[in-house]
Amino acid sequence: MGSGGQQMESGEPGSGRDTGVYSWEEVQKHCNRSDRWLVINRKVYNVTQWCKRHPGGSLIISHYAGEDATEVFSAFHPDQKFVQKFLKPLLIGELAATESSQDHNKNAAIIQDFDILREQAEKEGLFQAKPLFFCLHLGHILLLEALAWLIVWFWGTSWTLTLLCSVLLATAQSQAGWLQHDFGHLSVFKKSRWNHLIHKFVIGHLKGASANWWNHRHFQHHAKPNVFLKDPDIYMLDIFVLGETQPVEYGVKKIKHMPYNHQHQYFFLVAPPLLIPVFYNFNIMKTMITRRDWVDLSWAMTYYVRYFYCYVPLYGLFGSLALMTFVRFLESHWFVWVTQMSHLPKDIDHEKRQDWLTMQLQATCNIEQSTFNDWFSGHLNFQIEHHLFPRMPRHNYEAVAPQVRALCEKHGIPYEVKTLWRGMVDVVRSLKKSGDLWLDAYHHK
C-alpha cells in the first residue's frame, strides 16, 4: 500500500494527518502495539506492519515508536540507500516546518556535534575493517579448540589434563563469543550478507547458539541500554533489583521475591555460574524451536555433532556432557564479569528519551586499555566507543576514543574509565547499594 493510502486509512477529516504534515505531539500519540510511527531525518513513517518483518526484530522498532529514531537508524544501518527502498512505502509525511528536528530531552547541539564526529570517523576510514585482524582472531580460536582435543587424545584424560582441556575450550568459547559479536554488528565485511553468513558459522558451529536470538536480544540492548522494559540485559526475572529507582519502587510496593539486601552475596552463586549453562542454553533452544528457526537450529546442531564426535570416544556420553557443562560454567564467569562491569554500576532507570551520546554515556563506561584487556574483553573495554559506533571494527575503537572524550568534555558529559579490578568490584558495590535502597524503602516507606 502506498503512502497516500496509509494516510487516508489512518487519517481523520480536518486533522493534520490529511496533509501529511505532523507535529511532535501527533507523532508521539502513535506509540502502542497496534499503532507505531517514528521519525527519521524529519520524515514520518508508519511502521506498524513493518515491525513484524524487521530483520533486527519487532521490539527494537517498538522501543522507538512515537520518537525520533534518526540517530539509532544511522548507528545500525551501514547501507542507508538500500534501506530506503523498505522505508519509502512506509512514508506518510514529514514534520511541520515549525517543529524542531529533536523531540523530548534530546540536545540539538550534542546531536549535531556527534553527527560531525561520525562523518569524520567515516572519512578517516575508521569503519573499514582489517581482514587480517579477524582472520588471526578466528585462527587462534580454532587453534585453542584443536589443542584442547589433542592434549586429551594424545596424553589421556587425567583430571589435570581434563582441567587444562576445559580451560582451553572455555577460552576458545569466550573468544568465539567476542568474534560472533563482531559479525553480528556487521563490522567486518562491507556486504551485510557476508557478515550474516559468517555470524551463523561462528555463533552456530563454534558455539552452538543462534544468530537470530542474539540479534533480536542484543540490538535492543544497544538501542536502549539500561532502560527498564526495553533492555533485555537488565531483565533479571526479579532475582535482582538494579539501579536506584527499581529498588525503591519494589520496596515501597513491599515486593520481596528475594532477600535483595543480600543480592551482592548471592550474585556469585547465581549470575556468573548459571547465566550461560542454564539460562542462555535453555532460552536459546526454546527460542529456535518455538520460532521454528530451523536454519539457526541446524547450525547449532553442527556444533553438538562435532563436539560429541570428538569427545564421546574419550569421555563417554555422560563424561562429555559433564565436560561441556563445566566449560560453559567457566565461560559464563568470564562473560558475566566482562559485560556487567561496563553497565551494571551505571545509571539504570526508566525511559528518559535522551540523545544518543547522552544516553549511551550514562549507561556505559570503559576499562583501561592494555593488550591483555583488549584480548580478554574482545575490545569491549572500549564499551563507550562500541555503543556509540556499533558498526565500527573493534580494532579502531582506540583511534576514535580521544575524539569521543573531547566531545564529552565539550558538553560536560562524564567519560568514565576504570581499571579492570575496579570495574569488577563496582559490580558488587552497585548490587549492594541497590539492595540497601530496597531494604530502606521496604521498612520505612
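Residues numbered from 1 in each chain as written. Predicted model: local features only at pLDDT ≥ 70, side-chain atom pairs only at ≥ 80, totals over all residues. Heavy atoms only, no water.

On to a nonpolar patch on the surface. Together, Leu 150, Trp 153, Phe 154 and Trp 155 make up an exposed nonpolar region whose accessible area comes to about 540 Å². As for its placement among the helices and strands, Leu 150 is situated in helix α7 (residues 131-155). Of the residues examined, Leu 150 reaches a relative accessible area of 38% and is grouped as partly exposed. (Patch = residues over 30% accessible without salt bridge, like charges linked within 9 Å, V, L, I, M, F, W, Y side chains within 5 Å. Areas by Shrake-Rupley, 256 points an atom, 1.4 Å probe, with all protein chains shown as cover. Salt bridge = Lys/Arg side-chain N within 4 Å of Asp/Glu carboxyl O. Helix = DSSP H or I, 4+ residues; strand = E, 2+ residues; numbered from the N terminus. Buried < 20%, exposed > 50% of the residue type's maximum accessible area, 1.4 Å probe, protein only.)

Turning next to the packing of helix α9 (residues 192-205) against helix α13 (residues 294-340). Relative to each other, α9 and α13 sit at 45 degrees, their axes nearing to 8 Å. Overall, the two elements α9 and α13 adopt an arrangement that is oblique. Where α9 crosses over α13, the two elements pack in a sense that is right-handed. On the side of α9, the interface is formed by Leu 197, Lys 200, Phe 201, Gly 204 and His 205, while α13 contributes Val 295, Asp 296, Trp 299, Ala 300, Thr 302, Tyr 303 and Arg 306. Grouping the constituent residues of the contact of α9 with α13 by class yields 6 nonpolar, 3 polar and 3 charged. (Axes fitted to C-alpha atoms, helices over the stretch in contact; angles between N-to-C directions. Parallel < 35°, antiparallel > 145°, perpendicular 65-115°, else oblique. Left-handed = near helix turned anticlockwise from the far one by under 90°. Contact = heavy atoms within 4.5 Å. Nonpolar A, V, L, I, M, F, W, Y, C, P; charged D, E, K, R; others polar.)

The next thing to look at is the confidence of the model for the protein. Predicted confidence across the protein gives a mean pLDDT of 93, with 96% of residues reaching 70 or more. Segment residues 1-17 is flagged for pLDDT under 50; beyond a separation of four residues in sequence, or across chains, it makes 30 contacts in the model. (pLDDT = per-residue confidence, 0-100.)

This part is about the side chain of His 218. Turning to its location among the elements, His 218 is positioned in helix α10 (residues 211-223). A relative accessible area of 13% places His 218 in the buried class. A polar atom in the side chain of His 218 sits 3.1 Å from the side chain of His 222. Non-local contacts of His 218, meaning those with residues more than four positions away in its chain, are made with His 181, His 185 and His 386. (Polar contact = N/O pair within 3.5 Å; in protein donor to acceptor, adjacent residues only side chain to side chain.)

Moving on: the pattern of salt bridges. Counted by the stated rule, this structure contains 23 salt bridges. A salt bridge links Glu 244 to Lys 433; the nearest nitrogen and oxygen atoms lie 2.7 Å apart. Highlighted residues: Glu 244 in the loop between α10 and α11 (246-252) and Lys 433 in helix α18 (residues 420-444), separated in sequence by 189 residues. Its relative accessible area of 46% is what places Lys 433 among the partly exposed residues. Close ionic contact of Glu 331 with Arg 328 constitutes a salt bridge, the shortest N to O distance being 3.9 Å. Taken together, the residues span about one helical turn, with Glu 331 and Arg 328 both in helix α13 at a distance of 3 residues. The exposure class assigned to Arg 328 is buried, which follows from its relative accessible area of 3%. What you see here is one network of salt bridges that share partners, running through Glu 67, Asp 103, Lys 106, Lys 224, Lys 230, Glu 351 and Arg 353.

Among the nonpolar cores identified, the biggest contains 53 residues, and Trp 356, Leu 388, Phe 389 and Val 404 are the most heavily contacted of them. Per element, the largest residue contribution to this core is 6 residues, and it comes from helix α17 (residues 397-410). (Core = buried A, V, L, I, M, F, W, Y, C linked by side-chain atoms within 4.5 Å.)

This part covers the pairing of strand β3 (residues 35-40). Where burial is concerned, most of β3 is hidden: 5 out of the 6 residues are buried. The pairing of strand β2 (residues 31-32) with β3 spans 2 bridges and is classified as antiparallel. Bridge pairing in β3 places Cys 31 opposite Arg 36. The hairpin turn running from β2 into β3, its antiparallel successor, is 2 residues long. Sheet analysis places β3 next to strand β4 (residues 43-46), joined by 4 bridges and oriented antiparallel. Bridge assignment links Leu 38 to a residue of β4, and that residue is Tyr 45. Hairpin connection between β3 and β4: a loop of 2 residues separates the two successive antiparallel strands, and Asn 41 in this loop has a positive phi of roughly 50 degrees. (Pairing = 2+ DSSP bridges.)

One pass over the full model with this rule turns up 38 aromatic pairs. Their ring planes at 75 degrees and their centres at 6.0 Å tell us that Trp 214 and Phe 219 sit as a pair that is edge-to-face. We classify Trp 214 as buried; its relative accessible area is 8%. A relative accessible area of 11% places Phe 219 in the buried class. Plain terms: the ring middles of Tyr 280 and Phe 335 are 6.0 Å apart, the flat faces sit at 65 degrees to each other, and that makes the pair edge-to-face. Note that Tyr 280 is positioned in helix α12 (residues 263-290) and Phe 335 in helix α13, a separation of 55 residues in sequence. On the basis of relative accessible area, Tyr 280 is assigned to the buried category, the value being 12%. With relative accessibility at 24%, the residue Phe 335 sits in the partly exposed group. (Phe/Tyr/Trp six-rings, centres within 6.5 Å; stacked < 30°, edge-to-face > 60°.)

Attention shifts here to the packing of α7 against α13. With their axes 10 Å apart at the nearest point, α7 and α13 run at an angle of 20 degrees to one another. For the element pair α7 / α13, the angle class is roughly parallel. The hand of the α7/α13 crossing is left-handed. For the pair formed by α7 and α13, the contact residues are Glu 145, Ala 148, Trp 149, Val 152 and Trp 153 on the first element and Arg 306, Cys 310, Tyr 311, Leu 314 and Tyr 315 on the second. Among the residues forming the contact of α7 with α13, the class breakdown is 8 nonpolar, no polar and 2 charged.

Looking at where Leu 168 falls in the secondary structure, it is placed in helix α8 (residues 159-184). Note: C-alpha distance between Leu 168 and Glu 145 (23 residues apart in sequence) is 7.0 Å. Look past the residues within four positions of Leu 168 in its chain and what remains in contact with it is Leu 144, Leu 147, Ala 148 and Ile 151.

The strands making up a sheet are joined through hydrogen bonds of the backbone, oriented either antiparallel or parallel. Pairing is mixed in the open sheet, where 5 strands are placed in the order β1-β5-β4-β3-β2. Looking at which strands have only one partner, the edges of the open sheet turn out to be β1 (21-22) and β2.

Quick look at the pairing of strand β5 (residues 91-95) now. Here β1 pairs with β5 via 2 bridges, running parallel. Bridge pairing links Tyr 22 to Leu 95 in β5. Inspection of the sheet shows β4 paired to β5 by 3 bridges, in the antiparallel sense. In the sheet register, Tyr 45 faces β5, and the bridge partner there is Leu 91.

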